[in-house]
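Residue-level structural notes
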Amino acid sequence: MRRILAVARKETRHILRDPRSLAVAIAMPLIMVVLYGYAIDMELKRLTVAFLDLDRTPASSELQMEITSSNFITPVQAIPNRSEIESGFRRGMFRAVVVIPEGYSEKLATSLESPVQILIDGADGSTAAVVDNYLNAAIARINRKLASEAFGVETLPIEARTRILFNPQLISAHFVVPGLVALVLVMICALLTSIAIARERETGTLEQMLTSPVAPAQVIVGKVLPYIVIGAIDAALILAVGRFVFDVPMNGSWFVLAGYTILYIIISLGLGLLISTFAKTQQVAMIAALMGTLLPTLILSGFLFATSSMPFMLRQISKLIPATYYLRIIRGLMLKGQLWFPFETVALVTLGTVILSVAIFRFKERLD
Amino acid sequence: MTLNHSHSSNLAVVAKDLTRCFGNFTAVDNLQLEVSRGEIFGFLGANGAGKTTAIRMFCGLLKPTSGEAWVDGLPISRDSEKIKRRIGYMSQRFSLYDDLLIEENANFFGGVYGLSKKEIELRIAEQFERLGLTKQKRTLTSELPLGFKQRLALACAMMHRPRLLFLDEPTGGVDPIARREFWDLIYETAEDGATVFVTTHYMDEAEYCSRVSIMKDGKIVALGVPAELKRKHGTQTMEDLFLKLVGVSGESGESVE
């Protein structure tokens, strides 16, 4: 215990004596969350749509009004003729064009069957899908209105009445911010420990320490302890930004979240230790820690893409990523108010035990 | 020679057929060695001769490929943890934390040796006084001149009163006066009853040792009291002896890697 404390005290002194690194460790996660949180939020609210109205009747103006009444769609200047569409897309003036053909209102009045063309910029696939959804939803709304006017009924024969639970307005931040907590924590924690160990390897102090009777496990525990505090501070700040800046609800319990978050921090620090057993220098450790955590967490954990829609092999890999489980827990807690995660708990504890054991084992081996 | 009884004998370090290979390269080749308690033993050789590899095995940082060694009577293959409590090790890089105060460095190494707070304070007071570090106690280590860093490294290696001290090129890069002063400290340490096992490539320092060995390509090519060795090989100085046996001079040997 004395030895662990000696290592922890020394590590704390390193941290406090280097205020610039400390500032980076605390400010970087905050900046990332604010940037990502806003970037993803803004993108979906300002979808630009242009109209090419060849009909020029009250009915066609009504259609335009109805579409642009949505919060998410921002109309841009109308296009005078078809030849301008392609160049507009090329210059990025709009994401989609709604073409109302000549005779739109006449067909609508006589046959209740009047086609409207929608052109979408497919270069950015995910935005294209969102634009498509918004425009279709707007047109469905108009259809219901027209049907009720024509047939005097409020409803169509079959009507899907969707009610979205847990994040009813599909506010992207509510989905994204918990993911950012998972991403930023694993990155910063892995980075901190891998650098801390690689630095001692570089300066030879690690070897000096290991000629003393201190055990590798004691070195590791002592080194990790102060960083748990930094990880916890980071987590608290990110969650506070999520809660108060992005209004992410907390339907579960902060205590349960704190418990799981500390577990996740310890696993992430262990990941940094593991990386440091492969890295010879601080630079290598830094790059490995960032690449080794950023990409898998971003792509394979379910942060951006649902794991259930992944090919078999990738789905298996995603099961080895701690963020996969932490994400389910934090989303479940904050959005759904779920409090008990037996499967995820077992998975996280198992992953953590394996990662730390391998790290300690390799740490010993590397001395030879 | 009854090595099996070495633990009860008066030997601080014994090596028998000690060998360490790195891939195809044999760094230490069937090393045979006996160092008595209280000796200042000079472990000489050009760089790459295998000195550091041998010391790292004695200190428990490396496992031998074959053979065995006993440190303070304990076999390194089995008792490296016990050995670590009894030895002090000072590496050629003075591995200290530059961003800690002098006192904090000593404090830390006292802590990893499991000393109590009281013992640590006592040892710091004692040693800093002896090594002339008391005034600089609250100085940042990075601001110390090299000669003082070297003394601090010695203080850190001796926090737990080791019976055996391994010094790997302790005087590298330090000016002649500081080297002379450091050797006075080594003498004092030996007079207090500790065994000092020291490597150096300064041949004037080799003259200060009670016995020396000269290593070449992982093997010991000469072993004995400096004066006797010089007489036997008919050389005037240790420098000449070294040149004759190893083929490079001690100091230029530094560039042989």
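Note that the structure is predicted; figures quoted are calculated from it, not measured.

**Here we look at the packing of helix 9 (residues 216-244) of chain A against helix 10 (residues 254-276) of chain A**
Residue and element names in this part refer to chain A. Where helix 9 contacts helix 10, the two axes come as close as 9 Å, and the packing angle between them is 130°. On the basis of the axis angle, helix 9 is oblique to helix 10. Viewed along their axes, helix 9 and helix 10 form a crossing whose handedness is right-handed. Facing Ile-220, Val-224, Tyr-227, Ile-228, Gly-231, Ala-232, Ala-235, Leu-239 and Arg-243 of helix 9, the residues of helix 10 in contact are Trp-254, Leu-257, Thr-261, Ile-262, Ile-265, Ile-266, Leu-269 and Leu-273. Residue classes in the contact of helix 9 with helix 10 are distributed as 14 nonpolar, two polar and one charged.

**What about the pattern of salt bridges?**
Pairing between side chains becomes possible if they bear opposite charge and their charged atoms approach one another. Residue and element names in this part refer to chain B. Following the criterion strictly, the structure yields 32 salt bridges over all chains and no others. A salt bridge links Glu-81 to Lys-84, with the shortest nitrogen-to-oxygen separation between them at 3.6 Å. Remark: Lys-84 and Glu-81 occur in helix 2 (residues 80-86); sequence separation between them is three residues, near one turn of the helix. The partly exposed category is assigned to Glu-81, whose relative accessible area is 39%. Judged by relative accessible area, Lys-84 falls into the buried class, the value being 8%.

**Digging into helix 6 (residues 125-151) of chain A**
For helix 6 of chain A, which comprises 27 residues, the first-to-last C-alpha distance of 38 Å matches the rise-based estimate of 39 Å (1.5 Å per residue) to within 8%. Of all the positions in helix 6 of chain A, only Thr-127, Ala-128, Val-131, Leu-135, Ala-138, Ile-142, Ala-147 and Ser-148 of chain A are classed as buried.

**Examining the packing of aromatic side chains**
All names here are of chain B. All chains considered together, the criterion is met by 13 aromatic pairs over all chains. Geometrically, the ring pair formed by Phe-43 and Phe-197 is tilted, given 4.9 Å between the ring centres and 50° between the ring planes. One end of the pair, Phe-43, is in strand 3 (residues 40-45); the other, Phe-197, is in strand 8 (residues 195-199), with 154 residues separating them in the sequence. We classify Phe-197 as buried; its relative accessible area is 0%. Relative to Phe-197, the ring of Phe-58 lies with its centre 5.6 Å away and its plane at 75°, an arrangement referred to as edge-to-face. Highlighted residues: Phe-58 in helix 1 (residues 51-58) and Phe-197 in strand 8, separated in sequence by 139 residues. One exposure class covers both Phe-58 and Phe-197, and it is buried. Taken together through their ring pairs, the aromatic side chains of Phe-41, Phe-43, Phe-58, Phe-166 and Phe-197 make up a single cluster. In this structure, Arg-151 packs its charged tip against the face of Phe-148, placed 5.0 Å from the ring centre.

**Remarks on the confidence of the model for chain B**
Residue and element names in this part refer to chain B. In this model, chain B carries an average pLDDT of 87, and 93% of its residues clear a pLDDT of 70 or more. Low pLDDT, under 50, characterises residues 1-8; the stretch is placed with nine contacts to residues that sit more than four places away or in other chains. Every residue in residues 252-257 is under pLDDT 50, and counting partners more than four places away or in other chains gives nine contacts. This prediction of the complex comes with two scores: 0.78 for pTM and 0.82 for ipTM.

**Focus: the side chain of Lys-149 of chain B**
Residue and element names in this part refer to chain B. Here Lys-149 shows up in helix 5 (residues 146-157). Of the residues examined, Lys-149 reaches a relative accessible area of 17% and is grouped as buried. Sequence-distant contacts of Lys-149, defined by excluding residues within four places in its chain, comprise Phe-94, Leu-96, Asp-98, Thr-141, Ser-142 and Leu-144.

**Re helix 9 of chain A**
Helix length check: helix 9 of chain A, at 29 residues, gives a terminal C-alpha distance of 42 Å against a target of 42 Å (1.5 Å per residue), a fit within 8%. Helix geometry: helix 9 of chain A is bent most strongly at Leu-225 of chain A, by close to 25°, with proline Pro-226 of chain A lying one to four residues after it.

**A closer look at the nonpolar core**
The nonpolar side chains of a soluble globular protein tend to be buried with one another. Membership of the largest hydrophobic core comes to 149 residues, with the highest contact counts inside it found for Tyr-326 of chain A together with Phe-58, Leu-154, Phe-166, Leu-167 and Phe-197 of chain B. Looking at which element gives the most residues to this core, the answer is helix 7 (residues 172-203) of chain A, with 16 residues. Counting residues in each nonpolar core, the second largest holds 15 residues, with Leu-63, Ile-73, Tyr-104 and Val-131 of chain A among its members.

Reading the values: rules and limits
Residues numbered from 1 in each chain as written. Chains lettered and ligands numbered in written order. Predicted model: local features only at pLDDT ≥ 70, side-chain atom pairs only at ≥ 80, totals over all residues. Heavy atoms only, no water. Axes fitted to C-alpha atoms, helices over the stretch in contact; angles between N-to-C directions. Helix = DSSP H or I, 4+ residues; strand = E, 2+ residues; numbered from the N terminus. Parallel < 35°, antiparallel > 145°, perpendicular 65-115°, else oblique. Left-handed = near helix turned anticlockwise from the far one by under 90°. Contact = heavy atoms within 4.5 Å. Nonpolar A, V, L, I, M, F, W, Y, C, P; charged D, E, K, R; others polar. Salt bridge = Lys/Arg side-chain N within 4 Å of Asp/Glu carboxyl O. Buried < 20%, exposed > 50% of the residue type's maximum accessible area, 1.4 Å probe, protein only. Expected span 1.5 Å × (residues − 1). Phe/Tyr/Trp six-rings, centres within 6.5 Å; stacked < 30°, edge-to-face > 60°. Lys NZ or Arg CZ within 6 Å of the ring centre and 35° of its normal. pLDDT = per-residue confidence, 0-100. Bend = angle between axes of the 7 residues up to and from the residue. Core = buried A, V, L, I, M, F, W, Y, C linked by side-chain atoms within 4.5 Å.

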